Amino acid sequence: MLRVISTVAALFAASTAFAENVPITGNVASTCSIYTDTAGVYGVPSPDALSTAPTDGGVHPVVRYDVTIADYYVAKIAWPDSFSTSPSLTDAVNWDGEVTVSQTSNAAQADYETNKVEYDNVTEYDLTVAGSVWFEVESTVTYGYEKSLPGGTYAANVTAECIAT
């Protein structure tokens, strides 16, 4: 009888399973970095408009992308389509803009401007070459129909993202 109990106990102990979760962690450092090279400034070419054009007293913002490994990222840059700060506006605000390549560190990046994809207020560039590329952003705003913008501080943001593909 003792032998049967010992055998049953041994079988029970052998069939009992134990589990343990063993974690695995890792960190990935992006090989695409975004920097503000030049902050933008709105000039006031007329009472109903704001513009970053230098001829209108403005400054185009410039965003730099540094990519250390090619073909893994898309630059997605959106010119402003709303104010982050402004006085109360009671009429229509019309936005326009453009994103262009202003400088590259590698001659092979010359086709970025030709191959860009534009939709809504967004421009995308496939970052196919390692190196740095500078993007200049134009932004213009008109207010109502022959209606002056209210006095005050106006601010808007360019959105720049580096999307892993």
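Scroll up to find the structure.
Residues numbered from 1 in each chain as written. Predicted model: local features only at pLDDT ≥ 70, side-chain atom pairs only at ≥ 80, totals over all residues. Heavy atoms only, no water.

Enquirer: Would you mind going over the environment of S46 with me for this structure?
Expert: Structurally, the position occupied by S46 is in strand β2 (residues 43-46). For S46, a relative accessible area of 26% puts it in the partly exposed group. For S46, the side chain forms a polar contact with the side chain of D48, separated by 2.7 Å. (Helix = DSSP H or I, 4+ residues; strand = E, 2+ residues; numbered from the N terminus. Buried < 20%, exposed > 50% of the residue type's maximum accessible area, 1.4 Å probe, protein only. Polar contact = N/O pair within 3.5 Å; in protein donor to acceptor, adjacent residues only side chain to side chain.)

Enquirer: For this particular structure, what's the right way to read the environment of A70?
Expert: One can find A70 in the loop between β4 (62-67) and β5 (73-78). Here the alpha-carbon distance between A70 and T31, two residues 39 residues apart in the chain, equals 9.1 Å. Setting aside anything within four residues of it in sequence, one finds A70 in contact with L127, T128, V129 and A130. (Contact = heavy atoms within 4.5 Å.)

Enquirer: Whenever I open this one, the pattern of salt bridges confuses me. Can you help?
Expert: Pairs can form between side chains of opposite charge once their charged atoms are near each other. What the rule picks out here adds up to six salt bridges. Note that D91 and K147 form a salt bridge whose closest N and O atoms lie 3.9 Å from each other. With D91 in the loop between β5 and β6 (93-104) and K147 in the loop between β9 (131-143) and β10 (159-164), the pair connects residues that are 56 residues apart, well separated along the chain. A relative accessible area of 33% means that D91 is categorised as partly exposed. Residue classification places K147 among the partly exposed residues on the basis of a relative accessible area of 32%. One salt bridge connects K116 with E98, and the closest N-O pair in it is separated by 3.0 Å. Remark: E98 occurs in strand β6 and K116 occurs in the loop between β6 and β7 (117-119); sequence separation between them is 18 residues. For K116, a relative accessible area of 16% translates into the label buried. Here the salt bridges do not stand alone but share partners, grouping E98, E113, K116 and E118 into one network. (Salt bridge = Lys/Arg side-chain N within 4 Å of Asp/Glu carboxyl O.)

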